[in-house]
Number of protein chains: 2
Amino acid sequence: MQTSTETPARLPRLSDRAACLRSSEIRDLLKVADLPGVLSLAGGLPAPTAFPVRRIETAIGRACATAGNVGPIAFQYGPTEGLAGLRELLAAGTCASPPLGDPDEIIVTTGSQQGLDLVARVMVDPGDTVVLEDPAYLGARQVFEGAGAHIEGIPIDRAGMDTAELERRLVAGLAPRVVALVPNTSNPSGRSLVPERRAHLATLAQRHGFLVVEDDAYYALGFGTTPATPIGHLAPDHTVMLGSASKVIAPGLRVGWLRAPEWMIGALARAKQTLDLHTATLPQLVVAELLGDDGFMTEHLETLRATYAERAQILHAALAGTIDAGEPTGGMFLWGRTDVDTRAAFPDAIAAGIAYVPGDAFTIS
Amino acid sequence: MQTSTETPARLPRLSDRAACLRSSEIRDLLKVADLPGVLSLAGGLPAPTAFPVRRIETAIGRACATAGNVGPIAFQYGPTEGLAGLRELLAAGTCASPPLGDPDEIIVTTGSQQGLDLVARVMVDPGDTVVLEDPAYLGARQVFEGAGAHIEGIPIDRAGMDTAELERRLVAGLAPRVVALVPNTSNPSGRSLVPERRAHLATLAQRHGFLVVEDDAYYALGFGTTPATPIGHLAPDHTVMLGSASKVIAPGLRVGWLRAPEWMIGALARAKQTLDLHTATLPQLVVAELLGDDGFMTEHLETLRATYAERAQILHAALAGTIDAGEPTGGMFLWGRTDVDTRAAFPDAIAAGIAYVPGDAFTIS
């Protein structure tokens, strides 16, 4: 190693943009939660016992053997928008995802987190306003804050985001570029947006000219309920639909997808190209094979829903009388109210072998 | 589908940032180049016949079988910075990559393209100046233009970027945040930066306080030459070193890495978290196993170098007398000068079954 001896070295400095980036508090909590002997209720980690490992192995074997003119397609550079076969499946709809309509309006993403980031790149300039649910999914908040957005929170009740309150603020002058939400069994509230509010939100988007980001990772994980019509089907020109294989197959594959209106899909593809050229091919082939195997996925999803429903019931029953949490209806999250200061109590909980996330980590206002 | 009947729908509009994104011209050319019967010299696609498919399959089998407390680690969420085992290997150095020093200063990226994007996020604000080689790697240009940077080109000669010219402009007032280059057999010039200019660039970075981005995808692909000392070893506090498995194993895996100074690694990790949480785990396990198998990789790299050297010699000989291209010394690119208008001649070339990229696609000034 050699350094200049002429003048003292001047270090470069970080950009102003870098100051907008913050780490997820949950990430720090997960480090504690990962200690041996601690039962972690802190992160949205899928049950690893439910990963379809054997089925994935079969899919990988086939992917490796697939030979084309240019050799095994699993290993060469691939299209930025994702593999055509996977996009066609998603366009038609699968038992784990709603029909997305047109393969040309679909991009395969490196997890749905990248879908959020892509939307922020092409829709948000520093100083723009972005509306989130309050409490909000932290991954969305990080992305939009990192883009320099001002975040406005709209409260959630048992029917999801309070769209009447959103309308009041819109009428009073709020002019968001983006309204982002998790429509089914949201992280962290566990609540789903009811059909009337979906229709209301679609109308508001059209009237006020904002984009809805419908991050639907838990679409297929309702406990015995069929998901309501996606907002993206009610206002297709005003909605980006995001989906993910993380919660229904496995998160380590990092395969998600988005469906966007024609007026923005080209800009999203150009942004995707600068981000990572394309999503890793082998995981795309695995997801395409599994999502395309309707018999397998139907059975697998039933197992998943039964696993999460049983766990949710046990947790809900254990909390009864201490924490006021609504009946779980799907997904992975239970949001409750208690008089206990959950942040102050956290060290005691860890000592007793339980980790959770204090609710104020998610609140905006 | 339902639309508002009250007032005409107002479409959202793209951000000002979206206007900075442009597609790679090469990407459009590659669509033409991909026609049957066309020999494409247009893109930096590795030879698919050289993908180590059997070795990768063995690695995947092992990755699927790896069970821990939380189930097969290939499928669960993983650490944002990448798998510890891969980072430790890269820190120590492999036959395909220089030693990077400290695992805590390494992040595994979704291809080295993401490494460029991460650097742009934490170092570049709109209006900042970024210096590139002229001609430049288009992937870098897209990223920094997408970040709103003003791009300044420094000419290349047979010894790489002309650092004396860079110094003249720095003295005259040029104040770049970042100077990005491909130090070994650059894309598209095929030229490597000679040791004296590496030392000069390191000194300039320290004196003028800019960051060098050393994108070293072709480090291990020199034809019978050992790469010079990386700039990151000469000025470690002023350099981000980028590397990639794309050219030495397979690009479809989308595994790259970066090594950054301590003062910026935290900001890069926070940015990576918002981008895609982490790089897909299965491809990381594959790359870790292959890079860790020194016997296999040494032999594999010899095969790769022999393959590319033979092809380069054939091309160079075929061009002799028509196009003045320097002797190829490694990597995948041959840059030549000719009196022919290569853009005007492109349709004839395609008709004759040959695709290439007209040089002006890469030039900055």
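From a predicted model like this one, the values you see are computed outputs, not experimental measurements.

Calculation criteria
Residues numbered from 1 in each chain as written. Chains lettered and ligands numbered in written order. Predicted model: local features only at pLDDT ≥ 70, side-chain atom pairs only at ≥ 80, totals over all residues. Heavy atoms only, no water. Helix = DSSP H or I, 4+ residues; strand = E, 2+ residues; numbered from the N terminus. Rg over C-alpha atoms; globule rule 2.2 N^0.38 Å. Contact = heavy atoms within 4.5 Å. Areas by Shrake-Rupley, 256 points an atom, 1.4 Å probe, with all protein chains shown as cover. Buried < 20%, exposed > 50% of the residue type's maximum accessible area, 1.4 Å probe, protein only. Pairing = 2+ DSSP bridges. Right-handed = clockwise from strand over helix to strand, strands pointing away. Least-squares fit on C-alpha atoms with pLDDT ≥ 70 in both. Phe/Tyr/Trp six-rings, centres within 6.5 Å; stacked < 30°, edge-to-face > 60°. Lys NZ or Arg CZ within 6 Å of the ring centre and 35° of its normal. Expected span 1.5 Å × (residues − 1). Axes fitted to C-alpha atoms, helices over the stretch in contact; angles between N-to-C directions. Parallel < 35°, antiparallel > 145°, perpendicular 65-115°, else oblique. Left-handed = near helix turned anticlockwise from the far one by under 90°. Buried area = accessible area lost by both parts, 1.4 Å probe. Salt bridge = Lys/Arg side-chain N within 4 Å of Asp/Glu carboxyl O. Polar contact = N/O pair within 3.5 Å; in protein donor to acceptor, adjacent residues only side chain to side chain. Nonpolar A, V, L, I, M, F, W, Y, C, P; charged D, E, K, R; others polar. Arc of directions from axis to C-beta.

Novice: Tell me what's going on with the overall build of chain A, and back it up with residues and numbers.
Specialist: Across its full length, chain A holds twelve helices and 14 strands. For chain A, whose C-alpha radius of gyration is 21 Å, the value lies close to the compact-globule estimate of 21 Å for 365 residues. If you line up chain A on its principal axes, its C-alpha atoms span 70 × 65 × 55 Å. In chain A, 70% of the contacts between residues at least 6 apart in sequence involve partners at least 24 apart. Just so you have it, chain A exposes about 13,700 Å², and 54% of that area is on carbon and sulfur atoms.

Novice: Which residues make up the pairing of strand E8 (residues 178-181) of chain A, and what values go with them?
Specialist: Remember that side chains alternate between the two faces of the sheet whenever the strand is regular. Residue and element names in this part refer to chain A. Side chains Val 178 and Ala 180 project from E8 onto one buried face, and the interleaved Val 179 and Leu 181 project onto a second face that is buried too. Sheet analysis places strand E5 (residues 129-134) next to E8, joined by three bridges and oriented parallel. What sits directly across from Val 130, in E8, is Val 178. Bridging between E8 and strand E9 (residues 211-215) involves four bridges; their strand directions are parallel. Bridge assignment links Leu 181 to a residue of E9, and that residue is Glu 214. Handedness of the crossover joining E8 and E9 through helix H7 (residues 195-208): right-handed.

Novice: Give a detailed account of the sheet that holds E9(A), specifying residues and quantitative values.
Specialist: Residue and element names in this part refer to chain A. The sheet built from eight strands is open, its strands ordered E4-E11-E10-E9-E8-E5-E6-E7 with mixed pairing. The strands lining the two open edges of the sheet, one partner per strand, are strand E4 (106-109) and strand E7 (160-161). Bridge count for E4 against strand E11 (residues 256-259) is four bridges, and the pairing is antiparallel. Residue pairing in the sheet places Thr 109 in a bridge with Gly 256 of E11.

Novice: Give me the lowdown on the relation of the copies chain A and chain B, citing residues and values where you can.
Specialist: Superposing chain A onto chain B takes a rotation of 180 degrees plus a shift of 0.0 Å along the axis, which leaves an RMSD of 0.0 Å. What we have between these two chains is a two-fold relation. Relative to the rotation axis, the closest C-alpha in chain A is found at A:Ala280, a distance of 3.7 Å. The residues that chain A uses at the interface reappear at the interface of chain B in 100% of cases, marking a shared surface.

Novice: Quick rundown of the pairing of strand E5 (residues 129-134) of chain B? Include the residues and the values.
Specialist: Residues and elements named next belong to chain B. In terms of burial, E5 is largely enclosed, as six of its six residues are buried. Two elements, E5 and strand E6 (residues 150-157), share six bridges in a ladder whose sense is parallel. Note that in E6 the partner of Thr 129 across the bridge is His 150. The parallel pair E5 and E6 is bridged by helix H5 (residues 138-146), and the resulting crossover is right-handed.

Novice: Describe the packing of aromatic side chains, and please don't skip the residues or the numbers.
Specialist: As enumerated under the stated definition, the model contains eight aromatic pairs over all chains in all. Where B:Trp335 meets B:Phe362, the ring centres are 6.1 Å apart and the plane angle is 80 degrees; that geometry is what we call edge-to-face. Of this pair, B:Trp335 sits in the loop between strand E12 (324-325) and strand E13 (336-337) while B:Phe362 sits in the segment after strand E14 (354-355), and the two are 27 residues apart along the sequence. Looking at B:Trp335, the relative accessible area reads 24%, which means it is partly exposed. The ring of A:Phe296 carries A:Arg55 above its face, with NZ or CZ at 5.7 Å from the centroid.

Novice: Please provide a residue-by-residue account of unusual backbone geometry, values included.
Specialist: Note that the residue after A:Asn187, namely A:Pro188, is joined by a cis bond; omega there is 10 degrees. Note that A:Pro188 resides in the loop between E8 and H7. Here the residue pair B:Asp134 and B:Pro135 is connected by a cis peptide bond, since its omega of 10 degrees sits within 30 degrees of zero. Within the secondary structure, B:Pro135 sits in the loop between E5 and H5. Not every positive phi belongs to a glycine, and B:Leu277 is a case in point at roughly 65 degrees. Examined against the element boundaries, B:Leu277 turns out to sit in the loop between helix H9 (262-276) and helix H10 (281-292).

Novice: Give me the lowdown on helix H4 (residues 111-123) of chain A, citing residues and values where you can.
Specialist: Taking 1.5 Å per residue as the helical rise, H4(A) with its 13 residues ought to reach 18 Å, and the 19 Å between its terminal C-alpha atoms agrees with that figure. Counting buried positions over the 13 residues of H4(A) gives 13, a clear majority of the element.

Novice: Before we move on, could you go through the packing of helix H6 (residues 163-171) of chain B against helix H7 (residues 195-208) of chain B and cite the residues and values that matter?
Specialist: Residues and elements named next belong to chain B. Close contact between H6 and H7 brings their axes to 10 Å; oriented N to C, the two are set at 15 degrees. The pairing of H6 with H7 is recorded here as roughly parallel in orientation. In this structure, H6 meets H7 at a crossing whose hand is left-handed. Residues Thr 163, Ala 164, Leu 166, Glu 167 and Leu 170 of H6 lie in contact with H7, whose contacting residues are Arg 197, His 200, Leu 201, Leu 204, Arg 207 and His 208.

Novice: Let's hear about the environment of B:Leu41: which residues, and what values?
Specialist: Residues and elements named next belong to chain B. Residue placement: Leu 41 occurs in the loop between strand E1 (39-40) and helix H2 (53-65). Here Leu 41 falls in the partly exposed class, since its relative accessible area comes to 41%. Separated by 38 residues in sequence, Leu 41 and Pro 79 have C-alpha atoms that sit 38 Å apart.

Novice: How would you explain the interface of chain A and chain B if you had to name every residue and give the values?
Specialist: By a frequent convention, interface size equals the accessible area lost on bringing the separate parts together. Each side of the interface is counted separately: chain A has 93 residues, and chain B has 93 residues. Here chain A packs against chain B, burying approximately 8,100 Å² in sum over the two surfaces, 57% of which is carbon and sulfur. Among the residues of chain A in contact with chain B, A:Arg17, A:Phe75 and A:Tyr77 are the three that bury the most area, contributing 9% of the side total. Applying the counting criterion to the chain A and chain B interface returns two salt bridges. The residue B:Asp117 makes a salt bridge to A:Arg121 at a minimum N-O spacing of 2.7 Å. The interface formed by chain A and chain B contains 40 residue pairs in polar contact (both at pLDDT 80 or more). Counting residues per element, the ones that place at least two in the side of chain A that touches chain B are helix H2 (53-65), strand E3 (71-72), H4, helix H5 (138-146), H7, helix H8 (231-234), helix H9 (262-276) and helix H10 (281-292) of chain A. By residue number, the principal contributor to the side of chain A that touches chain B is H9(A), which donates nine residues. Its residues placed into classes, the side of chain A that touches chain B shows 45 nonpolar, 29 polar and 19 charged.

Novice: Go over helix H3 (residues 84-92) of chain B, please, and point to the residues and values.
Specialist: Residue and element names in this part refer to chain B. Of the residues making up H3, those classed as buried are Leu 86, Arg 87, Leu 90 and Ala 91. Buried positions in H3, seen along its axis, are confined to an arc of 135 degrees and lie on one side of it. For H3, the secondary structure elements touched by its buried residues are strand E4 (106-109), strand E11 (256-259) and H10.

Novice: Can you explain the environment of B:Glu167? Please cite residues and give values.
Specialist: All names here are of chain B. Structurally, the position occupied by Glu 167 is in helix H6. Sequence separation of Glu 167 and Asp 134 is 33 residues, and the distance between their C-alpha atoms is 15 Å. Beyond its immediate chain neighbours, meaning those up to four positions away, Glu 167 contacts His 200, Leu 204 and Arg 207.

Novice: Tell me about the side chain of A:Ser97, residues and numbers included.
Specialist: Residue and element names in this part refer to chain A. Tracing the backbone shows Ser 97 in the loop between helix H3 (84-92) and E4. In this structure Ser 97 comes out as buried when scored by relative accessible area, which is 3%. At a separation of 2.8 Å, a polar atom in the side chain of Ser 97 contacts the side chain of Thr 94. Residues contacting Ser 97, with those up to four places away along its chain left out, are Leu 90, Tyr 219 and Trp 257.

Novice: Describe the sheet that holds E4(B), with residues and values.
Specialist: Residues and elements named next belong to chain B. Strand order in the open sheet formed by eight strands is E4-E11-E10-E9-E8-E5-E6-E7, with mixed pairing between adjacent strands. Pairing within the sheet leaves two strands with one partner each, and these edge strands are E4 and strand E7 (160-161). Against the sheet, H3 makes contact with E4 and E11, and its axis sits at roughly 120 degrees relative to E4, the strand it touches most. Each of E4, strand E9 (211-215), strand E10 (239-244) and E11 is contacted by H9, which is oriented at about 25 degrees to E4, the strand it contacts most.

What is shown is where atoms sit, not what they do.
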